[in-house]
Amino acid sequence: MRRGPALAYPRAAERRYRAYLLKRVRRLIRLIRKALRSDVRSDDVQVETGFDSGQLLARLAVLSSIVAEDKDSGFEGVLRAVQVSTNRSASRVLAQLGATSVGVPVQVPTSWADTNLELIQDIDRDILERMSEAIIETSRKGGSMRDLEKRLSDISRIGKNRVKQIARNEVGNLNATISRQRQVAVGIVEYIWRTSEDERVRPLHRDLNNKPFRWDTGHPTEEHPGRPINCRCVAIPVLPEQ
């Protein structure tokens, strides 16, 4: 059994995608905070007393419409960066085999791009819906603007944690898809399952580490490296005998 080069999980792609998503969340939180406090001074008594929930909900509805129509050109750049990172390691396999990349699929799958666009939009919707619920609940309990801003901070943390999971999961999925396409295209039918070999590896994947699998079958429950949720494992190609 002759193994190909030890492919690394594309951490640079994950970091780039995570940074992009975090930037979006921070921007949305700033816009929400501005909408909440547009007519409230930092020393205004309203900060410590009450607020007009109807007015705040109306502002949030306007913000929701603006966000829904926002066309973020940064998403295209992130896609290209992720594509480059995930293809770089796969290209080393072709070079070792003396193969060329001509005719080998290297584009980001349309389904992946569509799924991620929907995930990004869903993050925005979720944050705005949580904020609307917070306004209603805080008002019903007689809370203050200060209480509402604390809720916004909690919502911000939830959003940031979610985008970190999305970045890890989606980059792992893309890496798995492109690795399979590139390897199968040059005649590789078998691979070695390789984990990140750290404390975050789940027990089942630790058991799969360094075990061989075929691209046409994979593992009965885990499919292929990178496919399970938040999986950072990679497929080390088993090169054809010369």
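Residues numbered from 1 in each chain as written. Predicted model: local features only at pLDDT ≥ 70, side-chain atom pairs only at ≥ 80, totals over all residues. Heavy atoms only, no water.

**Q** How should the packing of aromatic side chains be read in this particular structure?
**A** Geometry of an aromatic ring pair is reported as the spacing of the ring centres plus the angle between the planes. Applying the stated criterion to the full structure yields five aromatic pairs. Their ring planes at 45° and their centres at 6.1 Å tell us that Y17 and W112 sit as a pair that is tilted. Residue Y17 is found in helix α1 (residues 11–36), and its partner W112 is found in helix α4 (residues 110–140); the two are separated by 95 residues along the sequence. Judged by its relative accessible area of 0%, Y17 falls in the buried class. (Phe/Tyr/Trp six-rings, centres within 6.5 Å; stacked < 30°, edge-to-face > 60°. Helix = DSSP H or I, 4+ residues; strand = E, 2+ residues; numbered from the N terminus. Buried < 20%, exposed > 50% of the residue type's maximum accessible area, 1.4 Å probe, protein only.)

**Q** Help me understand the pairing of strand β4 (residues 234–239) in this model?
**A** Regular strands have side chains that alternate between both faces of the sheet. The buried count for β4 comes to six of six residues, which makes it a mostly enclosed element. Here β4 shows no split at all, with V234, I236 and V238 on one side and A235, P237 and L239 on the other all buried. Pairing of strand β2 (residues 190–194) with β4, which is carried by four bridges, proceeds in the antiparallel orientation. When the bridges of β4 are listed, I192 appears paired with I236. (Pairing = 2+ DSSP bridges.)

**Q** I keep staring at the pattern of salt bridges and nothing clicks. Help me out?
**A** Side chains that carry opposite charge are capable of pairing whenever their charged atoms lie near each other. Evaluation of the coordinates by the stated rule reveals 13 salt bridges. The salt bridge partner of E14 is R18, with a shortest N-O separation of 3.2 Å. Taken as a pair, E14 and R18 lie in helix α1 at a separation of four residues, close to a single helical turn. Of the charged contacts in the structure, one is a salt bridge between D124 and R24, with a shortest N-O distance of 2.5 Å. A residue pair is termed long-range when its members are at least 10 positions apart, and D124 in helix α4 and R24 in helix α1 qualify at 100 residues. The class for D124 is buried, based on a relative accessible area of 6%. With relative accessibility at 17%, the residue R24 sits in the buried group. A cluster of three or more residues bridged by salt bridges with shared partners is formed by E118, D122, R125 and R162. (Salt bridge = Lys/Arg side-chain N within 4 Å of Asp/Glu carboxyl O.)

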